[in-house]
Structures are given as C-alpha cells and as structure tokens.
Amino acid sequence: MLLLTSTSILSMIVAGLVEARRRDSANAHDLPDGVSPMSVMWLAPQLVLMGLAEAFNIIGQIEFYNKQFPENMRSIANSLLSVTMGGASYLSSAIVMIVHATTGKHGRPDWLANNINEGRVDFFYYIISVLGLLNMIYFVVVARQYQYKAGTMVKEDHKKESTFDTEMNPNTM
C-alpha cells in the first residue's frame, strides 16, 4: 500500500514538473494561440504513474474488503469502493474551491485561471502531492494499529517443503 501511495505522490510531482516546463515553454514562445510547442508525450510518465496507482488502489481495496468484512457483508464492502470514489470527487471539488478562494489575490492570477499559461497549475499539483504525503503518514499510523481478522495473516514458514519440488514420473501415474 505504501508503494501505491508513493506512486500517486510521485505522479503528482512529475505532473507539476511537466506543467512548469510546459508553462515556461508556452510563455517563452508566445504563440498566438498560447499553445506550447512541447510534445504530448511529456504527459506519458505522469499518466502511466497515475494509472498504476489507480489500478493498484482498486485491487487493494477490493481485496481488503473481501478478506476483512464478514461473509454476509461482502456486497456492502464492494460498494464501499464506489463510495470512496464519490467521496474523493467531493474532496477534489472542495480543494479546487479552496484554491480558487485563496489564490489570485493582490494582482496575481488564480492558480487555476481560465488562461492556463497565466495560472499556476504546477503549484496545484504540488499541493495534491503534499496532501498525498499527509495521507500516507496517516495510513501508516492507522495500519500499524489495525487488527486483522483471524485467519487472514500470511506467515512465512521457511521449514515447510514445497509440493512442487518433487519430480513427476509418468510411469507411476
């Protein structure tokens, strides 16, 4: 789970760095339509990282819910995935509203301005990465105190022999 969270944080940092470069390039070239001459492939690293983070998040949540919830609550457990996505959408809307309310004062443009070349979307990505770091710290604190349901912990037994180590003789079958 820490790998998932750190991948998500890394994707936001990469997105911020790419956005800063894109913005600087667009402002330096000052084309009439405001488009940066950068290749769209600059988006690939952050999108790959975001995709991996999202895929591992969904798989991890479903596995956790199915293993830790009682048998008769599995359908409710799986619906929690949709609830968390809905909650994340509301939270992201709240963050955008806070950024709009707190930036763009004293003659400076809003970070999320209509003209993307005047705004500072890179700062927004950095804020999201800081929130991800705080979330990871909170996760570690809670995960250390969590008591797993009996029978779900996997313990490695190095003395146990594997059944796959034996040779199969077709004549004895």
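Identification of the chain as Nitrate transporter from Kalanchoe fedtschenkoi is taken from an unreviewed UniProt entry. You can read under Subcellular location (unreviewed entry) in the UniProt record for the chain the words "Membrane". Taken verbatim from the UniProt record of the chain, the Sequence similarities (unreviewed entry) comment is "Belongs to the major facilitator superfamily. Proton-dependent oligopeptide transporter (POT/PTR) (TC 2.A.17) family."

Enquirer: A description of a nonpolar patch on the surface should follow, citing residues and the corresponding values.
Expert: Among the surface-exposed residues, Ile127, Val130, Leu131, Leu133, Leu134, Ile137, Tyr138, Val141 and Val142 lie close enough to one another that they form a single nonpolar patch of about 790 Å² accessible area. Among the secondary structure elements, Leu133 is positioned in helix H4 (residues 121-145). Taking relative accessible area as the criterion, Leu133 reaches 40% and is therefore assigned partly exposed.

Enquirer: Account for helix H3 (residues 74-102), naming residues and giving values.
Expert: For H3, spanning 29 residues, the distance from its first C-alpha to its last is 42 Å, which sits close to the expected 42 Å at 1.5 Å a residue. Residues of H3 that are buried: Ala77, Leu81, Ile95 and Val99. Residues of H3 that are buried make contact with helix H2 (44-68) and H4.

Enquirer: Provide a residue-level description of the confidence of the model for the chain, including the pertinent values.
Expert: Looking at the chain, the pLDDT average stands at 83 and 86% of residues meet or exceed 70. Element-level pLDDT for the chain is lowest in H2, with a mean of 89, against a maximum mean of 93 in H4.

Enquirer: Before we move on, can you summarise the pattern of salt bridges with the specific residues and values?
Expert: With the rule as written, the count across this model stands at four salt bridges. The partner of Arg22 in a salt bridge is Glu19, and the shortest N-O contact between them spans 2.9 Å. Within this pair, Arg22 and its partner Glu19 are both found in helix H1 (residues 2-29), separated by three residues, close to a single helical turn. For the pair Arg22 and Glu19, one class covers both residues: buried. Lys67 is paired through a salt bridge with Glu63; the nearest N and O atoms lie 3.0 Å apart. Here Lys67 and its partner Glu63 are both found in helix H2, four residues apart, which amounts to about one turn of the helix. Residue class for Lys67 comes out partly exposed when judged on its relative accessible area of 41%.

About the cut-offs
- Residues numbered from 1 in each chain as written.
- Predicted model: local features only at pLDDT ≥ 70, side-chain atom pairs only at ≥ 80, totals over all residues.
- Heavy atoms only, no water.
- UniProt positions renumbered as here; feature names shortened; annotations may be inferred.
- Patch = residues over 30% accessible without salt bridge, like charges linked within 9 Å, V, L, I, M, F, W, Y side chains within 5 Å.
- Areas by Shrake-Rupley, 256 points an atom, 1.4 Å probe, with all protein chains shown as cover.
- Salt bridge = Lys/Arg side-chain N within 4 Å of Asp/Glu carboxyl O.
- Helix = DSSP H or I, 4+ residues; strand = E, 2+ residues; numbered from the N terminus.
- Buried < 20%, exposed > 50% of the residue type's maximum accessible area, 1.4 Å probe, protein only.
- Expected span 1.5 Å × (residues − 1).
- Contact = heavy atoms within 4.5 Å.
- pLDDT = per-residue confidence, 0-100.

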